[in-house]
Amino acid sequence: MPSSNPLVSIIHGSAVRVAAVALLAVGLGVPVAALAQAPGDAESSTTWALGLGVMSAQEPYAGIGRDNTALPLLQFENQYVNLFGPRIEFKLPSLDIGDSQQLNFGIVGEYDGSGYEEGDAPILNGMEKRRGGFWAGGVVEWSSSFVDVSAEWLADVSGNSNGQIVSLGLARTWRVGNRVLLTPHVGASWQGEKTVDYYFGVRESEARPDRPAYAGESAINIEAGVRGVYMFDKHHSVLLGAGVMSLADEIKDSPLVDRSTTNSVYLGYMYRF
């Protein structure tokens, strides 16, 4: 099952150090395999790939600059499972709808690196540490020759925020010749009240004159971007992409946040065995 939702890994909150891996996984892992497959091989093939990626992403918190990270990349996929970095998907039976449409279902889990420590920026001094965690849930995708529509629900099973996230994404992939896949995508993500409050709220015990107490509420972020794959041959591929996210008012209004958008760019190389 394709996992085309580009949103999940960049909207939980703060640090992109670990979450960046999952963004590369969701956005680029499947196209690498698809581009290298011969027609009719999708159900039977097993894909192994190793690589290295670099990502530059802007944090939403005041006083934190861009986070530039080098990331080892590992992918394994067959008809039952898709593993890429900290994200794994267990594929459920698909439902064919006509000749060119399909409903795909899966159970997903991932580690998200959101969170911060008080030393990360002056505005965070005196704040209790916010941790990332393990998230799990389900995903469904309607795949067609015109557009892929995906919906995903995740819950924080690690119990740090006890939050939930529901994401909706639309993507369209164009194949250019035999070597290039280009995929523009847009989407929206609803973050539950507990998620927003944990990562962007300020507790009464943490308040100070320049950082008043703030209770987070549920929020919807909007995202758009483009990702691509260039395959030199069946083994060597370059992955690249860029995205921008408009933060909801419930996040922008936090005294910890000093911007209305975040953005990211990434570049990677993968060797497919």
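Counting starts from 1 at the beginning of each chain's written sequence and moves along it residue by residue. In view of the model being predicted, local features appear only for residues whose pLDDT reaches at least 70, and side-chain atom pairs are presented and counted only at 80 or more, with totals across whole chains, interfaces and linings using the full set of residues. Values reported for side chains reflect all heavy atoms of the structure, with hydrogen atoms and water molecules removed beforehand.

Student: I'm lost on the overall build of the chain in this one. Help?
Tutor: Helical segments are the DSSP runs of H or I of at least four residues, strand segments are the runs of E of at least two, and each set is numbered from the N terminus. For the chain, the count of helices and strands is three helices and 13 strands. Scored against the burial criterion, the 273 residues of the chain give a buried share of 50%. For the chain, the share of sequence-separated contacts (at least 6 apart) that also reach a separation of at least 24 residues comes to 62%. Per element, the accessible surface of the chain, about 12000 Å² overall, is 60% carbon and sulfur. Any residue under 20% of the maximum accessible area for its type is buried, any over 50% is exposed, and the rest in between are partly exposed; the area is computed with a 1.4 Å probe on protein chains only. Between two residues, a contact is recorded if the distance between any of their heavy atoms is within 4.5 Å. Method for areas: the Shrake-Rupley scheme with a 1.4 Å probe, in which residue coverage is limited to the protein chains shown.

Student: I would appreciate a short explanation of the packing of aromatic side chains in the present structure.
Tutor: Each aromatic ring pair is described using two quantities: the centre-to-centre distance and the angle formed by the ring planes. Aromatic contacts are taken between Phe, Tyr and Trp rings whose centres are within 6.5 Å, Trp giving its six-membered ring; a plane angle under 30 degrees counts as stacked, one over 60 as edge-to-face, and the others as tilted. Scanning all chains against the criterion turns up seven aromatic pairs. Ring geometry for Tyr61 versus Tyr116: centroids 5.1 Å apart, planes at 70 degrees, classification edge-to-face. Remark: Tyr116 occurs in the loop between strand E5 (101-112) and strand E6 (133-143) and Tyr61 occurs in the loop between strand E1 (47-58) and strand E2 (66-77); sequence separation between them is 55 residues. Across the pair, exposure class does not vary: Tyr61 and Tyr116 are buried alike. Considering the side-chain rings of Tyr271 and Phe273, the 5.0 Å spacing of their centres and the 80 degrees angle between planes classify their relative orientation as edge-to-face. Phe273 sits in the exposed class, given a relative accessible area of 55%. Three or more aromatic residues joined by ring pairs form one cluster here, namely Tyr61, Tyr116 and Phe200. One residue, Arg130, lies across the ring of Tyr198, its end atom 5.8 Å from the ring centre. Lysine NZ or arginine CZ positioned within 6 Å of the ring centre and within 35 degrees of the ring normal marks a charge as sitting over the ring.

Student: Is there a simple way to explain unusual backbone geometry in this structure?
Tutor: Glycine aside, residues mostly have negative phi, and peptide bonds are mostly found in the trans state. Of note, the phi angle at Asn162 is positive, near 55 degrees, even though the residue is not glycine. Position of Asn162 relative to the elements: it lies in the loop between strand E7 (148-156) and strand E8 (164-171). Taking the relative accessible area as the measure of exposure, Asn162 reaches 47% and is therefore partly exposed.

Student: Mind showing me how you'd approach the nonpolar core here?
Tutor: Across soluble globular proteins, you tend to see nonpolar side chains buried next to one another. Side-chain atoms within 4.5 Å are what join buried Ala, Val, Leu, Ile, Met, Phe, Trp, Tyr and Cys residues into a set we call a nonpolar core. If you look at the biggest cluster of nonpolar residues, it comprises 21 residues, and the most contacted ones within it are Tyr61, Tyr116, Ile123, Leu124, Phe200, Ile251 and Leu256. Ranked by the residues each element gives to this core, the list is headed by helix H2 (residues 193-200), at four residues. The contact partners of Ile251, leaving out residues within four places of it in the chain, are Gln191, Val196, Phe200, Ala219, Asn221 and Val257. If you look at the next biggest cluster of nonpolar residues, it comprises 10 residues, including Ala49, Leu71, Leu181 and Met270.

Student: Is there a simple way to explain the environment of Ser56 in this structure?
Tutor: Tracing the chain through its elements places Ser56 in strand E1. With 10 residues separating them in the primary sequence, Ser56 and Arg66 have C-alpha atoms 6.3 Å apart. Apart from the residues within four sequence positions on either side, Ser56 is in contact with Arg66, Asp67, Asn68, Asn263, Ser264 and Val265. Reaching out from Ser56, the side chain makes a polar contact with the side chain of Asn68 at a distance of 2.7 Å. A 3.5 Å cut-off defines polar contacts: any pair of N or O atoms within that distance qualifies, except that in protein one atom must be a possible hydrogen donor and the other a possible acceptor, and neighbouring residues in sequence count only when both atoms are side-chain atoms.

Student: Help me understand the pairing of E7, please; the structure alone is not making it clear to me.
Tutor: Only strands joined by at least two bridges in the DSSP assignment are considered to pair. Sheet topology places E6 next to E7; nine bridges connect them, and they run antiparallel. Bridge pairing in E7 links Gly138 to Trp153. Count of turn residues in the E6/E7 antiparallel hairpin: four residues. Across eight bridges, the pairing between E7 and E8 is antiparallel. Looking across to E8, one finds that Leu154 is bridged to Ile165.

Student: Which parts of the structure should I look at to understand the confidence of the model for the chain?
Tutor: Atom-level detail of predicted coordinates should not be read off regions where pLDDT is low. When pLDDT is averaged along the chain, the result is 84; 84% of the residues meet or exceed 70. At the level of individual helices and strands, the chain shows its lowest average pLDDT in helix H1 (residues 19-36), which scores 48, and its highest in helix H3 (residues 249-252), which scores 96. Note that residues 1-23 has pLDDT below 50 and, in this model, 105 contacts with residues that lie over four places away or in other chains. Within a predicted model, pLDDT stands for the predictor's per-residue confidence, ranging from 0 to 100.

Student: How do you make sense of the side chain of Asp67 when you look at a structure like this?
Tutor: Topologically, Asp67 is positioned in strand E2. At 2.4 Å, the side chain of Asp67 forms a polar contact with the side chain of Thr69.

Student: Just to check I follow, could you spell out a nonpolar patch on the surface for this structure?
Tutor: To count toward a patch, a residue needs a relative accessible area over 30% and no salt bridge; like charges are then connected within 9 Å, while nonpolar side chains (Val, Leu, Ile, Met, Phe, Trp, Tyr) are connected within 5 Å. Any Lys or Arg side-chain nitrogen found within 4 Å of a carboxyl oxygen on Asp or Glu counts as a salt bridge. Taken together, Trp153, Val166, Trp190, Ile220 and Ile222 make up a surface patch of nonpolar side chains, about 460 Å² in accessible area. Using a relative accessible area of 39% as the deciding quantity, one classes Trp153 as partly exposed.

Student: Just checking my understanding: could you explain the side chain of Asn104 for this structure?
Tutor: Mapped onto the fold, Asn104 is located in strand E5. Overall, the relative accessible area of 1% leaves Asn104 in the buried class. At 2.8 Å, the side chain of Asn104 and the side chain of Ser94 are in polar contact.

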